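# Structural description and commentary
Spelled out from the first residue to the last, the chains are:
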Number of protein chains: 4
Amino acid sequence: MNFRSDNEVGAHPAVLAAVTKAFTSGSAFSYGADDWTQRVERRLRDLFDKPDLVVQPVITGTAANSLALACCTPPWGAVFCHATSHIAAEETGAPEFYTGGARLFRIDGPAGKIDPVKFAEAAAQPVYGVPHFSQPTALSITQATECGTVYGPEEVAALSTIARRHDLAVHMDGARFANALAYVGCSPAELTWKAGVDVLSFGATKNGVLAAEAVVFFKPELAKDYPYRSKRGGHMLSKMRLISSQLEAYLDNGLWLDNARHANAMARRLVAGLSALPGTQLMYPVEANEIFVVMQAHRHDALQAAGAKYHPWPSDRPGERAFRLVTAFDTDPADVDNFLSIAKAA
Amino acid sequence: MNFRSDNEVGAHPAVLAAVTKAFTSGSAFSYGADDWTQRVERRLRDLFDKPDLVVQPVITGTAANSLALACCTPPWGAVFCHATSHIAAEETGAPEFYTGGARLFRIDGPAGKIDPVKFAEAAAQPVYGVPHFSQPTALSITQATECGTVYGPEEVAALSTIARRHDLAVHMDGARFANALAYVGCSPAELTWKAGVDVLSFGATKNGVLAAEAVVFFKPELAKDYPYRSKRGGHMLSKMRLISSQLEAYLDNGLWLDNARHANAMARRLVAGLSALPGTQLMYPVEANEIFVVMQAHRHDALQAAGAKYHPWPSDRPGERAFRLVTAFDTDPADVDNFLSIAKAA
Amino acid sequence: MNFRSDNEVGAHPAVLAAVTKAFTSGSAFSYGADDWTQRVERRLRDLFDKPDLVVQPVITGTAANSLALACCTPPWGAVFCHATSHIAAEETGAPEFYTGGARLFRIDGPAGKIDPVKFAEAAAQPVYGVPHFSQPTALSITQATECGTVYGPEEVAALSTIARRHDLAVHMDGARFANALAYVGCSPAELTWKAGVDVLSFGATKNGVLAAEAVVFFKPELAKDYPYRSKRGGHMLSKMRLISSQLEAYLDNGLWLDNARHANAMARRLVAGLSALPGTQLMYPVEANEIFVVMQAHRHDALQAAGAKYHPWPSDRPGERAFRLVTAFDTDPADVDNFLSIAKAA
Amino acid sequence: MNFRSDNEVGAHPAVLAAVTKAFTSGSAFSYGADDWTQRVERRLRDLFDKPDLVVQPVITGTAANSLALACCTPPWGAVFCHATSHIAAEETGAPEFYTGGARLFRIDGPAGKIDPVKFAEAAAQPVYGVPHFSQPTALSITQATECGTVYGPEEVAALSTIARRHDLAVHMDGARFANALAYVGCSPAELTWKAGVDVLSFGATKNGVLAAEAVVFFKPELAKDYPYRSKRGGHMLSKMRLISSQLEAYLDNGLWLDNARHANAMARRLVAGLSALPGTQLMYPVEANEIFVVMQAHRHDALQAAGAKYHPWPSDRPGERAFRLVTAFDTDPADVDNFLSIAKAA
């Protein structure tokens, strides 16, 4: 009953088999000139229906986000993002490091989503071309959000339209992109470039691989300096096939969406059970694989006693106890049911 | 007959098995709090006979070098290194990036080794405490060197002694540390901290794993800020066991030294054959697994025709053609012999 | 009738005379080893009643703030400051540049002052020692604030006490420190180090000199690396006496406080007149030399027609028109009276 | 008899008068929108016969060099320069700081001048477009050199031609540009943009002003981001007329060249006398206002006893004692003659 994080689980056997095969089938060109990396790019071009997109595999989500943003914003740039976004709330200044000191401007909005009105207002400040002010150059959208909610294509498009008005690049932190897409049910293109996204951090690590992400540039010109930035960040693996072979297996036979659908389904199963419990309340709509829930202390105590693992979470209301539960590609329905029985019995 | 690089080969089955096991044996704490990472640290403490050393697994050698140097030198610092060193000749400014703009001062010396006299002279410049000058703060030694030679413990100690005189930290870029140690035959401690090394980039990627390095801090106080630097560099893997499980298997049963001994032996086997060929000359003593050789054009042509793979290399003398051959943990002796027969027959 | 900015006015004759004298009285040691710089340090030690403080003259307020903050916070640090503070709202990422990428966390509070409750809450987040989060390392207080208000010594102390609890350094952006001190009427020590301030950007540029600021380190150990940071920022003037001679004249015979008292008095004179006008409202209490005022359009039009100069200012309430008026060391009372007559007559 | 540095002398009365006037003639627009700054730009456009050049006044030479280079080179760029150049030998990493971590590649050559053959060889390395290597993006030429020699226009052109071949920007560090120009006797245009220079650090500080430099962009497109870089470096003075008024007076009536001619003449006068002394040898041809001279110990002792001031200088030959003498715009011929008599009498 580990619902602590989709970071803590293992990897899908198909992904492990692909990695093993990649490293036992002879030599390969180094630094991303290998066949796996080439194939992953072709695969993502097909998947996103965008024949000129550029793919750069990378080992962590923080690196993906920071490198992607650095390709969009100069040191004197400013990036709009939600106050809860991973780049603003965590990552220890990684975007600042990779951009050479750009600023993050935090925009609020309910349930982890950027409020378009507040964003429009912030982006319309008369600072453009005035050297006293950091120059707005990018918008970063988290999909699924850090509150477990998902932007629909039209919501992404609404934000992108505002961004476009001010010539801002649009970045999507897709650490849980698969979970978001599985929820929305549209095509990958519709949720990204067709809705105005210029560059995507395409996450896989939290969804059944070992450690693999890709920066997907829908605007190829943004990718121009990526290799230099990646190299000096220490992110150009000599044996890049380590990442690419994972991504290939991840995309094969729709594994990535199957994994995400399972994780989402397990979250819904948890929600269904939790909603039936008196005194239990969801903090946000559960649309992907994260659940933020207010739960009575006696239920929590019983779950802890039974060895269930999940994180406490800050709650705004005094006296209330909140928690985060995360499901994953390999969450066992029996664990979910067991969890719910214990909570119910308490 | 691929002698192009030890970067292009695959991984040892034991390492692959370890990775697979690590990702199919349930959940693990994230961000390096997992058991594999803890065990690797203990293992390296034993191996280096230094119970307080600190180990930080990392995905590339460039990241290992840059993060290690950043822990030793402020933005206004200066790092002495050989002109051919990887940090100075390649890496695209990664050390500058991670240190916040420190300077590299290139010291010459034959066969890739820093000349102690030149280093002593450079380090003795009267710049200390004078704010007009970058402040010398570190020495970086490459082991094995980029010319395929190896520093003996007394050579390392000679450089460290000079460094110590000026309070410089001593870093060792050990991308091919195993090959160097296998050549020297002393203990890991003797080649590192007992010879004055403060921090080691302990390389494994080139010696039979997928992608794994470790920054080994012999002075624990240098490691204090590493986690912040690593995180903002995008190098704190959520599933750190990907690296640690490789390192554990690499250290198990002496696999690391066996692999290096094999690669070195294959290099010697090549050298034995090449030395017998008229018109063929080694550019440097071959002590690890890299061979830099001047070879007649007709031999090269014959080898190319037969599909042998290796890199041309710059030669200082006009008209001469030089090449680099690299052996690896899995180099087949039959390939070596085949290569030599073709070269001989030409 | 120029009330646009205290940046646009000239310099006091005594300051100009001092500069001229400094540059016509023979040669002087370069890079701050000159007599003027030494004397200014002694003078400020006396003035602040702190014999061990360290003074570093610098040419702009942005440089003073950024260098001061860089001496307090590592690249993975975080600085708390008011949302309207100059470092957060302007300066184009200068603090991020000099710190190597630290983060600014904006705290709200009425009239440009940091709300101690909000600050205490923000500073108490459980992020210390956790490498996923920027580490709080400093608090920056603006004195006088960007809204023209002034923190009393006890208000500074309240914030410093919270900062101290979390081991944060306390920086004061004193671009208008003289105006603040003139308002409060306490001693320089009481408003700074005795209230917990560790480092002060001591501004003079806006108060009657040509261009001169000083970073005043009340904690001498924070100044240790300043010379290196200043040098690589291009801020170590070879003829540092250009700045120091201004500062010396500025401090001589209380000129600095006289100038500030005059500017403040002119602001109060404006306020007295404006308050009597129907439909005119101050946005914040006027405590230093900046006035933010809501004024009817017809008055504004009449003033514009008469050639009065001042900036429009954003107002929160729709339909309302707001403006900023700034007085200076040389503001002519006749200009103030003229301005008020026109506004009244309109 | 102070020949220590042209940094230690005072300022010309005309420059001081101009500054005083600028600060007593009413208010002025801030941040470089003032009339002085506009006039200086027009003046330099005329002087350099280049109607579209862009001028940015700045307070120090280190800032001028670093900001200029940052406009030419990305963080992964490399700058070729002479080993003795100020940017490489001093400045404490300022170019690295402003460029975000670019590398300096030191090229040798006699008497402080870059050897075109060595430069051509270095610039022709096959690193372009290969992300493992810092990308050559600029050449920096020091004029006059740090050895007191001067490049003729054809020498500048020879280097620029090589630079152009590889699409490198050409920067000239003209801290002593006036002295160089006075020596060569050609037009400012011929020694700069007509010889291929793209951006010039136009120095005045060492030649009779208080503290004033200008970055002169002959390629206006390079200046595009200068204001943002300057602002975040803390170099956008609110009262920019402090610098511009100096520059205007400096350019008025040919004061700048008169000053330089005087300094150069005083250097030649020293050389004439020194050359006649047995055991005295110039280390380099004296072409501007710096003299590097090997002198017998007894002469040095006599001069020291008489209070003459100048710096010892490192000499390559053991046993030899070398010294640097610098003349300035206000060097008194009587001081020169006195110096020579003492040296002769010794």
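Residues numbered from 1 in each chain as written. Chains lettered and ligands numbered in written order. Predicted model: local features only at pLDDT ≥ 70, side-chain atom pairs only at ≥ 80, totals over all residues. Heavy atoms only, no water.

## Things to note about the packing of aromatic side chains
Under the criterion given, the structure shown has 78 aromatic pairs over all chains. Ring geometry for Phe48(A) versus Phe202(A): centroids 6.2 Å apart, planes at 80 degrees, classification edge-to-face. In this pair, Phe48(A) is assigned in the loop between helix H2 (35–47) and strand S1 (54–58) and Phe202(A) in strand S6 (residues 199–203), connecting sequence segments 154 residues apart. Like Phe202(A), Phe48(A) is buried. Measuring from centroid to centroid gives 5.1 Å for Phe97(C) and Tyr98(D), while their planes differ by 65 degrees, and the two rings are edge-to-face. Of this pair, Phe97(C) sits in helix H5 (residues 94–99) while Tyr98(D) sits in helix H5 (residues 94–99), placing the two residues on different chains. Assigned by exposure class, Phe97(C) and Tyr98(D) land together as buried. Clustering of aromatic rings is evident, with ring pairs tying together Phe48(A), Phe177(A), Phe202(A), Phe218(A), Tyr250(A) and Trp256(A). Positioned over the ring face of Phe23(B) is Arg241(B), at 4.6 Å from the centre of the ring. Across from the ring centre of Trp36(C), 5.6 Å away, lies the NZ or CZ of Arg39(C), which sits over that ring. (Phe/Tyr/Trp six-rings, centres within 6.5 Å; stacked < 30°, edge-to-face > 60°. Helix = DSSP H or I, 4+ residues; strand = E, 2+ residues; numbered from the N terminus. Buried < 20%, exposed > 50% of the residue type's maximum accessible area, 1.4 Å probe, protein only. Lys NZ or Arg CZ within 6 Å of the ring centre and 35° of its normal.)

## A short note on the relation of the copies chain B and chain D
In the superposition of chain B on chain D (RMSD 0.0 Å, axial shift 0.0 Å), the rotation amounts to 180 degrees. Read as a symmetry element, the transformation amounts to a two-fold axis. If distances are taken from each C-alpha of chain B to the rotation axis, the shortest is found for Gly101(B), at 2.5 Å. Counting the interface residues of chain B, we find that 100% of their copies in chain D are interface residues as well, pointing to one common contact surface. (Least-squares fit on C-alpha atoms with pLDDT ≥ 70 in both. Contact = heavy atoms within 4.5 Å.)

## Some words on the sheet that holds strand S3 (residues 103–107) of chain B
All names here are of chain B. Here seven strands make up an open sheet; going across it, the order is S1-S7-S6-S5-S4-S2-S3 and the pairing mixed. What marks the edges here is a single partner per strand, and that holds for strand S1 (54–58) and S3. Each adjacent strand pair in this sheet contributes to an overall mean axis angle of 20 degrees, direction not counted. Note: strand S2 (residues 77–82) against strand S4 (residues 135–142), five bridges, orientation parallel. Note that in S4 the partner of Ala 78 across the bridge is Pro 136. (Pairing = 2+ DSSP bridges. Axes fitted to C-alpha atoms, helices over the stretch in contact; angles between N-to-C directions.)

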